[in-house]
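Residues per chain are reported as follows:
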Amino acid sequence: MTEGNHYGDVVNIHGGTHITGIVKNQSPTIAPQLPTAEREAIAELVRLLDGLRDRIPPGDVRTVDDSLRAIGSADRTPQERRGALMAVAGVASMIGTAAVPVRDAVNAILALLGG
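What counts and how
- Residues numbered from 1 in each chain as written.
- Predicted model: local features only at pLDDT ≥ 70, side-chain atom pairs only at ≥ 80, totals over all residues.
- Heavy atoms only, no water.
- Helix = DSSP H or I, 4+ residues; strand = E, 2+ residues; numbered from the N terminus.
- Buried < 20%, exposed > 50% of the residue type's maximum accessible area, 1.4 Å probe, protein only.
- Contact = heavy atoms within 4.5 Å.
- Areas by Shrake-Rupley, 256 points an atom, 1.4 Å probe, with all protein chains shown as cover.
- Expected span 1.5 Å × (residues − 1).
- Arc of directions from axis to C-beta.
- Axes fitted to C-alpha atoms, helices over the stretch in contact; angles between N-to-C directions.
- Parallel < 35°, antiparallel > 145°, perpendicular 65-115°, else oblique.
- Left-handed = near helix turned anticlockwise from the far one by under 90°.
- Nonpolar A, V, L, I, M, F, W, Y, C, P; charged D, E, K, R; others polar.

Colleague: So what's going on with the overall build of the chain? Residues and values would help.
Modeller: The secondary structure content of the chain amounts to four helices and zero strands. Starting at the N terminus and walking to the C terminus, you meet the elements of the chain as α-α-α-α. Here the chain holds 115 residues, and the buried ones make up 32% of them. Contacts spanning at least 24 positions in sequence make up 61% of the contacts within the chain whose residues lie at least 6 apart. Summed over its atoms, the accessible surface of the chain is roughly 7600 Å², and 52% of this surface lies on carbon and sulfur atoms.

Colleague: I'd like a rundown of helix 3 (residues 78-95), residues and numbers included.
Modeller: Between its first and last C-alpha atoms helix 3 spans 26 Å; for 18 residues at 1.5 Å apiece the expected length is 26 Å, and the two agree. Turning to helix 3, its buried residues are Arg81, Ala84, Leu85, Val88, Ala89, Val91, Ala92 and Ile95. Within helix 3, the buried residues cover an arc of 165° as seen down the axis, which keeps them to one side. Of the exposed residues in helix 3, those oriented more than 90 degrees away from the buried face are Gln79, Ser93 and Met94. Buried-residue contacts for helix 3 involve helix 1 (36-52), helix 2 (61-71) and helix 4 (100-113).

Colleague: Tell me about helix 4, and name the residues and values.
Modeller: For helix 4, which comprises 14 residues, the first-to-last C-alpha distance of 20 Å matches the rise-based estimate of 20 Å (1.5 Å per residue) to within 8%. Those residues of helix 4 that are buried lie in contact with helix 1 and helix 3.

Colleague: So, the packing of helix 1 against helix 4: which residues are in play, and what are the values?
Modeller: Between helix 1 and helix 4, the least distance of the axes is 9 Å, while the angle of their chain directions is 160°. Accordingly, the angle class assigned to the pair helix 1 and helix 4 is roughly antiparallel. Judged by the twist between their axes, the crossing of helix 1 over helix 4 is left-handed. Taken together, the residues of helix 4 that come into contact with helix 1 (itself represented by Ala37, Glu38, Ala41, Ile42, Leu45, Leu48, Leu49 and Leu52) are Pro101, Val102, Ala105, Val106, Ile109, Leu112 and Leu113. Looking at the contact of helix 1 with helix 4, its residues break down into 14 nonpolar, no polar and one charged.

Colleague: Just give me the short version of the packing of helix 1 against helix 2, but keep the residues and values in it.
Modeller: Where helix 1 meets helix 2, the closest approach of the two axes is 11 Å, and the angle between their N-to-C directions is 170°. By the criterion of interaxial angle, the relationship of helix 1 to helix 2 is roughly antiparallel. Between helix 1 and helix 2 the crossing geometry is left-handed. Facing Ile42, Leu45, Val46 and Leu49 of helix 1, the residues of helix 2 in contact are Val64, Leu68 and Ile71. Partitioning the contact of helix 1 with helix 2 into residue classes produces seven nonpolar, no polar and no charged.

Below, the structure written as structure tokens:
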């Protein structure tokens, strides 16, 4: 094995067959510049979505992940963050009643954003 600094993913496979890829479920970073109430509300939204991740339609997982990055970014405009929240709400609506807490969390964040 090589000594030194390593950056990025490290995958060790010991045995096995038909191994075709890696599942990456990394939580988004929430900007520390955001007000505390927003950071806490976004963290709750992330937690709720992580609990429902296996119920998110496969084609919508990337939409949710991209939206969460936008929601937690201080570099995005309020309009971009609202749009990302609406995208998450739309995906959650397809999950059904199990995602009602996600809808409530989205509404709470929207209220914090002023709309």
